[in-house]
Amino acid sequence: MNWQTVTFDWNQARAFLVTAEEGSLSAAARALGLTQPTLGRQVAGLEEELGVTLFERAGRSLSLTQAGLELLDHFRTMGDAASRISLAASGQSQAIEGQVSITATNMMATYHLPPILERLRDVAPGIEIEVVASNDVRDLARREADIAIRHARPEQPDLIARLVQETSAHLYASSDYLDRIGRPKTAEEISSADFIGFSNPVGLLPVFERFGLSLSRHNFKLATESGTVILALVRRGLGISVLTRDVADMYPDLEVVLPQNDPVPVPVWLVTHRELHTSRRIRLVFDHLADSLTA
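Below or above, wherever it landed, is the structure these notes cover. Keep in mind the model is a prediction, meaning the values are calculated, not measured.

### Overview of the layout of surface pockets
Counted as a void, the largest pocket has a volume near 920 Å³. Residue lining of the largest pocket: 37 residues in total, with Thr105, Asn135, His151, Phe198 and Val266 positioned closest to the centre. Here the lining of the largest pocket gets five residues from one element, more than from any other, and that element is strand β11 (residues 264-273). When its residues are assigned to classes, the lining of the largest pocket shows 20 nonpolar, twelve polar and five charged. Here the second largest pocket is characterised by a volume of approximately 740 Å³. What lines the second largest pocket is a set of 31 residues, and nearest its centre among them are Glu21, Leu72, Arg76, Arg153 and Ala161. Those elements that provide at least two residues to the lining of the second largest pocket are α1 (10-22), β2 (61-64), α4 (66-90), β6 (159-174) and α13 (280-294). At seven residues, α4 tops the list of elements feeding residues into the lining of the second largest pocket. Its residues assigned to classes, the lining of the second largest pocket comprises 15 nonpolar, six polar and ten charged.

### Here we look at the packing of α1 against helix α3 (residues 36-50)
Axis separation between α1 and α3 bottoms out at 8 Å; the angle between their running directions is 110°. Classified by the angle their axes make, α1 and α3 are roughly perpendicular. Two secondary-structure elements touch here, α1 through Asn11, Gln12, Ala13, Ala15, Phe16 and Thr19 and α3 through Leu39, Gln42, Val43, Gly45, Leu46 and Glu49. Of the residues assigned to the contact of α1 with α3, the class counts are six nonpolar, five polar and one charged.

Criteria and thresholds
- Residues numbered from 1 in each chain as written.
- Predicted model: local features only at pLDDT ≥ 70, side-chain atom pairs only at ≥ 80, totals over all residues.
- Heavy atoms only, no water.
- 1 Å grid on protein atoms, 1.4 Å probe; cavity = no way out; pocket = protein on both sides within 12 Å on 5 of 7 lines; lining within 4 Å.
- Points joined across faces, edges and corners; volume = space filled by probe spheres on them.
- Helix = DSSP H or I, 4+ residues; strand = E, 2+ residues; numbered from the N terminus.
- Nonpolar A, V, L, I, M, F, W, Y, C, P; charged D, E, K, R; others polar.
- Axes fitted to C-alpha atoms, helices over the stretch in contact; angles between N-to-C directions.
- Parallel < 35°, antiparallel > 145°, perpendicular 65-115°, else oblique.
- Contact = heavy atoms within 4.5 Å.

Structure (structure tokens):
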């Protein structure tokens, strides 16, 4: 490696990373316990060393330039590595104690979290995890949870979000159900089928429209707030519903309905509040979830 090509220091890199995550110099300065002028000089120094403009400045607001966006993931990797080095060097991962609450959909909590939390216990046995399995969006700013796994990027500026995975949603039914009604090839052929929705089926209609279906609430013979219940009802042959590919692929008795239609992208966002920068236990759990879900 040519070490002479590394012309910036970690404080500059950290200043850029936290400013990008927090959205402003003032918020980043508060998160790091620095003055805003000091942080601004570090970001400016990084821009000078790299020879690129990282932020567009308009009054008090900042937005990442194209160069800043392209470099952000590299600096996130540096930040994650720096956190792990600090933990490993001080032996903190074994000493960290306390509770961290994670909120996720019941599908995510049921099918993805258990093996991830099993590995976390080996890394940090002193951390107590509370899993809030719910489709309701918890308010992280009010500390209703410490970390959230969501399918939509949060709009609150004081939250930190990272895209960790992308899956897709399709229409699924059991093979037994399709044996009974036939395997529809067009939206018209499927319009008389039974559908399973969430508790407010009307709110789900735009999702079905993305599959080319024009449905009404009368198409939904069953509804529930629980994703795992929807999965069980579909497998029982009680109708068609939307499921994510990563879960449905676990069950060979399920088939994609109208496979020629494009799937709906489903992002997976890992979200936390700004205490990520000050709480070792939240940082450890966040990084562990990010690594596991990305993998």
